[in-house]
Amino acid sequence: MSKPRFSSTIAVTGGAGFIGSNLLTYLVDHHHDRQFVNLDTLTYAGNLANLKSIEDRPNYRFVKLDIADSGAVEAAFDRFQFDGIIHLAAETHVDRSILGPHPFIRTNVAGTLTLLEAVRQSGRRIRFHHVSTDEVFGSLGPTGLFREDSPYRPSSPYAASKASADHLVRAYHQTFGLDCVITNCSNNFGPYQFPEKLVPLTIRNAVAGETIPVYGDGLQVRDWLYVADHCRALDLVFREGVTGSTYLIGADNEVTNREIIQRVCRELDRRLGGGPREKLMRTVADRPGHDRRYAMDSAKIRQELGWAPSVSFDDAIAATVDWYLTHADWLDACVTGEYRKYYELNYSNRQQAL
Ligand code: NAD
Ligand code: TYD
């Protein structure tokens, strides 16, 4: 396929998921000279409705593709002659990785390897940006921060699969000279997040008057980052990150699970009346291997690339609650039979308190 209209063609894997769809919308809006090809197999977490606002744009394409299928990946590389890849496709939910780890190894490890091999076999210089997580570093104690050189100590099958992918990406840079960059990011929240994750699950259950499950004592800490700020960081690292480098992305928003649930409930009470919805919180059995605290030192990306979060935590929570309230149909559509089955399975072990 010739591509005279565009200066470059970039593949975004997992572009129909939460972060991928926010990212693609940002990229398509901000880089009209570039073509973006969404490679996504559309698992339960992939939803083309997330991309409605860009589906007809001339610089956006969608290809349904499983990244672990080497034939399909090679065909896409032949067809589009990619100049770069931003790799987000993954199985992403820790609880699902505990219930069944195999898909995590297939997509996150074998799928990443398949993409790296396609880049290597192409013989062309293709920037490979691997999007990873802080969970590869395991748990912090009450103090300290993760840094780019922190040791890898993944706790869950999900984190182990992402750690494995990170190692493969580094190995392909070292051994074969691939042009790779890695970003490890903290917990994101915002529009289009599948309601198995804490923030949208809290909103959904609180609006429906259902209990909000709190794992263990609920004092686990995450460094919450608004997805729009993550997307700006990804765009920057993809374009300007130094080859072979890793960048940690965090917003210095260390908040406990209990606190974030309370914040969300209070925003809902203000808008909908009634409540207090935080009374819907129920302590349930803890997640096995549950990491206590994540926190990021993101000085490198701030100093080297000039990135900083632009939306305050309060504004981001308010905007997120508003988004879900005005997209009730989107949220309802996530609650399929498959999701109910997963939900019951995940929470049946924790039922004693629900
Ligand atoms: P998500 O679960 O919302 O979406 C994942 C997407 O990948 C879906 O569209 C799905 O269809 C697609 N996908 C899954 N398997 C695939 C396969 N075999 N082939 C092609 N596509 C496939 O995930 P997310 O929360 O948007 O996360 C995106 C990336 O960011 C992941 O790599 C994740 O590890 C990383 N990350 C997420 C967070 C977070 O808080 N959500 C934080 C740090 C890093
Ligand atoms: P989650 O959104 O699953 O993201 P991650 O496991 O990648 O951090 O969970 C965020 C935190 O919230 C984590 O400490 C587990 C906790 N949690 C609950 O307490 N209750 C829930 O129902 C869920 C889904 C998560």
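Take the site of ligand 1 next. In the vicinity of ligand 1 lie 28 residues, with Ile19, Asp40, Thr92, Tyr158 and Lys162 positioned nearest. One of the backbone nitrogen or oxygen atoms of leucine 42 is found 3.5 Å away from an oxygen atom of ligand 1. A distance of 3.0 Å is found between a nitrogen atom of ligand 1 and a backbone nitrogen or oxygen belonging to isoleucine 67. For ligand 1, whose free accessible area comes to 830 Å², the fraction covered by protein is 96%. For the shell around ligand 1, the secondary-structure elements that each account for two or more residues are helix H1 (18-30), strand S5 (127-133) and helix H5 (157-176). Here the shell around ligand 1 takes three residues from S5, the largest share from any one element. Across the shell around ligand 1, the residue classes tally to 13 nonpolar, 12 polar and three charged.

Moving on to empty space enclosed by the protein. Considering all chains together, one arrives at two cavities of 30 Å³ or more under this definition. Put simply, the largest cavity is a space of about 60 Å³. Together, Val94, Ile98, Glu135, Ser155, Ser156, Arg222, Arg287, Pro288, Gly289, His290, Asp291 and Tyr294 line the largest cavity. Residues belonging to the lining of the largest cavity are distributed by class as follows: four nonpolar, four polar and four charged. The calculated volume of the second largest cavity comes to roughly 40 Å³.

Here helix H8 (residues 257-272) spans 22 Å end to end across 16 residues, near enough to the 22 Å set by a 1.5 Å rise per residue. Within the sequence span of H8, burial applies to Asn257, Ile260, Ile261, Val264, Cys265, Glu267, Leu268 and Asp269. Looking at the buried positions of H8, the neighbouring elements they touch are helix H6 (198-208), strand S8 (212-215), strand S9 (221-223), strand S12 (254-256), strand S13 (281-284) and helix H10 (313-326). Positive phi shows up at glycine 273, right after H8, with a value of about 75°.

Thresholds applied
Residues numbered from 1 in each chain as written. Chains lettered and ligands numbered in written order. Predicted model: local features only at pLDDT ≥ 70, side-chain atom pairs only at ≥ 80, totals over all residues. Heavy atoms only, no water. Near = heavy atom within 4 Å. Polar contact = N/O pair within 3.5 Å; in protein donor to acceptor, adjacent residues only side chain to side chain. Areas by Shrake-Rupley, 256 points an atom, 1.4 Å probe, with all protein chains shown as cover. Helix = DSSP H or I, 4+ residues; strand = E, 2+ residues; numbered from the N terminus. Nonpolar A, V, L, I, M, F, W, Y, C, P; charged D, E, K, R; others polar. 1 Å grid on protein atoms, 1.4 Å probe; cavity = no way out; pocket = protein on both sides within 12 Å on 5 of 7 lines; lining within 4 Å. Points joined across faces, edges and corners; volume = space filled by probe spheres on them. Expected span 1.5 Å × (residues − 1). Buried < 20%, exposed > 50% of the residue type's maximum accessible area, 1.4 Å probe, protein only. Contact = heavy atoms within 4.5 Å.

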